[in-house]
Amino acid sequence: MKTILEGFRGYLKEIKNRYEFTLFVRMERDTNLYADIFEKIRAIPGVTIVKTGEKQRNIGPTQKAAVLNVKCIATDTGIVNYGVFLQSKLSKLKDEQGDRILGVRFLTPPEDIS
C-alpha cells in the first residue's frame, strides 16, 4: 500500500498547467453560493478546488458579492483561453431557485503552481 501512495504522490507532482487565482463574483442577493453554485463551479472542466477568500457581503439592495479562490488545471489551449472559458461558464451559472451570477472579474493574475 505504501508504494502505491508514493507512486500517486509522484503522479500528482507531475501534473502541469496547474494554476491558482482569485475571482470577484457579483450575484443576486438570494443566490445560494455555498451549496448550489460551488457544486456547479466544481463541475466545470479543469476546476479542482473552489473556496471563499472572504465572507460574502451585500453590495446593494438586490446584489451581493464574494471573493473566490480557484485552483484549476488549464487545458492545452493555455491559461488565457481557459480564463476566458471559465469566466463565460461562471457568468451563466444559476442556483436551483434560478438566482444567478451577474458578473465575474479576475482579481489576481493566474499563478502557476505546477
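Preceding block: the structure.
The structure displayed is predicted, hence computed values, not measured ones.

Participant: Break down the overall build of the chain for me, citing the residues and quoting the values.
Facilitator: A tally of helices and strands in the chain yields three helices and five strands. The N-to-C order of helical and strand elements in the chain reads α-β-α-β-β-α-β-β. Pairs at least 24 residues apart make up 73% of the contacts formed inside the chain by residues separated by at least 6 positions. Total accessible area on the chain is roughly 7200 Å²; 52% of this is exposed by carbon and sulfur atoms.

Participant: If you had to explain the side chain of Thr-22 to someone new, which residues and values would you point to?
Facilitator: By the element assignment, Thr-22 lies in strand 1 (residues 18-28). Only 3.2 Å separates the side chain of Thr-22 from the side chain of Asn-69, close enough to count as a polar contact.

Participant: Describe the environment of Glu-96, with residues and values.
Facilitator: Tracing the backbone through its elements, the reader meets Glu-96 in the loop between helix 3 (79-91) and strand 4 (101-106). C-alpha separation for the pair Glu-96 and Ala-35, spaced 61 residues apart in sequence, amounts to 9.7 Å. Ignoring anything within four residues of it in the chain, the contact list for Glu-96 reads Asp-36 and Lys-40.

Participant: Outline the nonpolar core, supporting the account with residue identities and numerical values.
Facilitator: Residues Ile-41, Val-47, Leu-68, Tyr-82 and Leu-90 are the most contacted members of the largest nonpolar core, which totals 24 residues. Of all elements in the fold, only strand 1, helix 2 (33-42), strand 2 (47-58), strand 3 (63-73), helix 3 and strand 4 reach the threshold of two or more residues within this core. The greatest single-element share of this core, amounting to five residues, is contributed by strand 1. Once you skip the residues sitting within four places of it in the chain, Tyr-82 turns out to touch Ile-44, Pro-45, Gly-46, Val-47, Cys-72, Ile-73, Ala-74, Thr-75 and Thr-77.

Participant: How would you explain the packing of aromatic side chains if you had to name every residue and give the values?
Facilitator: This structure, assessed with the given rule, holds three aromatic pairs. A centroid spacing of 5.7 Å and a plane angle of 65° characterise the contact between Tyr-34 and Phe-38, whose relative ring orientation is edge-to-face. With Tyr-34 and Phe-38 both in helix 2 and four residues apart, this pair spans about one turn of that helix. Judged by relative accessible area, Tyr-34 falls into the partly exposed class, the value being 44%.

Participant: Give me the pattern of salt bridges: which residues, what numbers.
Facilitator: Summed over all chains, the structure comprises three salt bridges. A salt bridge links Arg-100 to Glu-28; the shortest N-O distance between them is 3.3 Å. With Arg-100 in the loop between helix 3 and strand 4 and Glu-28 in strand 1, the pair connects residues that are 72 residues apart, well separated along the chain. On the basis of relative accessible area, Glu-28 is assigned to the partly exposed category, the value being 21%. Between Glu-54 and Arg-57 there is a salt bridge, and its shortest N-O distance comes to 2.5 Å. Overall, the relative accessible area of 39% leaves Glu-54 in the partly exposed class.

Participant: Before we move on, could you go through the environment of Arg-57 and cite the residues and values that matter?
Facilitator: By the secondary structure assignment, Arg-57 is in strand 2. Residue Arg-57 is classed as partly exposed on the basis of its relative accessible area, which comes to 36%. Residues Arg-57 and Arg-26 lie 31 residues apart in sequence; the distance between their C-alpha atoms is 9.8 Å. Not counting residues within four places of it along the chain, the set of residues in contact with Arg-57 comprises Phe-24, Lys-64 and Ala-65.

Definitions and limits used
Residues numbered from 1 in each chain as written. Predicted model: local features only at pLDDT ≥ 70, side-chain atom pairs only at ≥ 80, totals over all residues. Heavy atoms only, no water. Helix = DSSP H or I, 4+ residues; strand = E, 2+ residues; numbered from the N terminus. Contact = heavy atoms within 4.5 Å. Areas by Shrake-Rupley, 256 points an atom, 1.4 Å probe, with all protein chains shown as cover. Polar contact = N/O pair within 3.5 Å; in protein donor to acceptor, adjacent residues only side chain to side chain. Core = buried A, V, L, I, M, F, W, Y, C linked by side-chain atoms within 4.5 Å. Buried < 20%, exposed > 50% of the residue type's maximum accessible area, 1.4 Å probe, protein only. Phe/Tyr/Trp six-rings, centres within 6.5 Å; stacked < 30°, edge-to-face > 60°. Salt bridge = Lys/Arg side-chain N within 4 Å of Asp/Glu carboxyl O.

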